[in-house]
Amino acid sequence: RTVVWLAYILSEGDHRMSPVQEWAEAREMFLEMSIGSSVRGLDFSDDRLAEILNYLAADDMWEAFEADLNRHTLRAYDLQKGQIRIDSSTAKRFIKVTPDGLFQLGHSKDRRPDLPQVKINMSTLDPLGLPMNHGDD
């Protein structure tokens, strides 16, 4: 079922759980043929998708899922590094701040200085918008 949610995210450009059930209901026959098992829209309710997130929250479960998902993936790039763009954003959480924690208090673009946040940066290679792996040369 996780693969169907990923298909939704990629095809619709939307990571929210709430619209997935209706999307899946409109594509039940296609999804059944694609994943090789019976499918109902209810299988993709936001409650059931939240169960997937809880399952994947465990590192060992995520690593197993990621290994299975990438088992047949082959990527080959011969790209010339040109202009690289960096975009930064923040994410806030209702959690306790600790001195060595990832989330800290600071300037908030969301006007919520009371909530700790983490800064996130992403580098992309122009003109493709291809995300850069910062471990690459």
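Structure: above.
Rules behind the numbers
- Just so you know, the residues in each chain are numbered from 1, in the order the chain's sequence is written.
- Since the coordinates come from a predicted model, pLDDT governs what is reported: local features require at least 70, and pairs of side-chain atoms require 80 or more to be given and counted, while whole-chain, interface and lining totals use all residues.
- For side-chain calculations, the full set of non-hydrogen atoms in the structure is used, while hydrogens and water are omitted.
- Strand pairing requires that DSSP identify at least two bridges connecting the strands.
- Each helix is a run of H or I in the DSSP string that is no shorter than four residues. Each strand is a run of E no shorter than two, and both are numbered from the N terminus.
- We call Phe, Tyr and Trp rings a pair once their centres come within 6.5 Å, taking the six-membered ring for Trp, and we label the pair stacked below 30 degrees between planes, edge-to-face above 60, and tilted otherwise.
- Remark: exposure states derive from per-residue accessible area (1.4 Å probe, protein chains only) relative to the maximum for the residue type, with buried under 20%, exposed over 50%, and partly exposed in between.
- Residues forming no salt bridge and having over 30% relative accessible area are the ones grouped into patches, like charges within 9 Å of each other and nonpolar side chains (Val, Leu, Ile, Met, Phe, Trp, Tyr) within 5 Å.
- The accessible surface values rely on the Shrake-Rupley method and a 1.4 Å probe; as for residues, cover is taken only from the protein chains in view.
- The term salt bridge refers to a pairing of a side-chain nitrogen on Lys or Arg with a carboxyl oxygen on Asp or Glu at a separation within 4 Å.
- For the purpose of charge, His is not counted, nor are the chain termini; Lys and Arg are scored as positive and Asp and Glu as negative.
- Working definition for charges: the position is that of NZ of Lys, CZ of Arg, CG of Asp or CD of Glu.

Q: How should I be thinking about the sheet that holds strand S3 (residues 130-131) in this particular structure?
A: To summarise the sheet geometry, strands pair through backbone hydrogen bonds and adopt either a parallel or an antiparallel arrangement. With antiparallel pairing, the three strands of this open sheet are ordered in space as S1-S2-S3. In this open sheet, the two edge strands, each paired with only one partner strand, are strand S1 (84-92) and S3. As paired elements, S1 and strand S2 (residues 117-125) share nine bridges and run antiparallel to each other. Counterpart to Ala-91 in the pairing with S2 is Val-118.

Q: Help me out: how do you make sense of the packing of aromatic side chains in this one?
A: Any two aromatic rings considered together are summarised by their centre-to-centre distance and by the angle between their planes. According to the stated counting rule, one finds two aromatic pairs in the structure shown. Measuring from ring centre to ring centre gives 5.2 Å for Tyr-8 and Trp-23, while their planes differ by 75°; the resulting arrangement is edge-to-face. Placement of Tyr-8 in helix H1 (residues 2-12) and of Trp-23 in helix H2 (residues 20-25) is noted, with a sequence separation of 15 residues between them. For the pair shown, Tyr-8 and Trp-23 are each scored as buried. Centre to centre, the rings of Trp-62 and Phe-65 are 5.3 Å apart; their planes meet at 45°, and the pair counts as tilted. With Trp-62 and Phe-65 both in helix H5 (residues 59-69), this residue pair falls three residues apart, about one helical turn.

Q: When you look at a negative patch on the surface in this model, what are you seeing that I'm missing?
A: Where like charges cluster on the molecular surface, the negative patch consists of Asp-59, Asp-60, Glu-63 and Glu-66. Residue placement: Glu-63 occurs in helix H5. The class of Glu-63 is exposed, set by a relative accessible area of 51%.

None of the figures reported here should be taken as evidence of function without further support.
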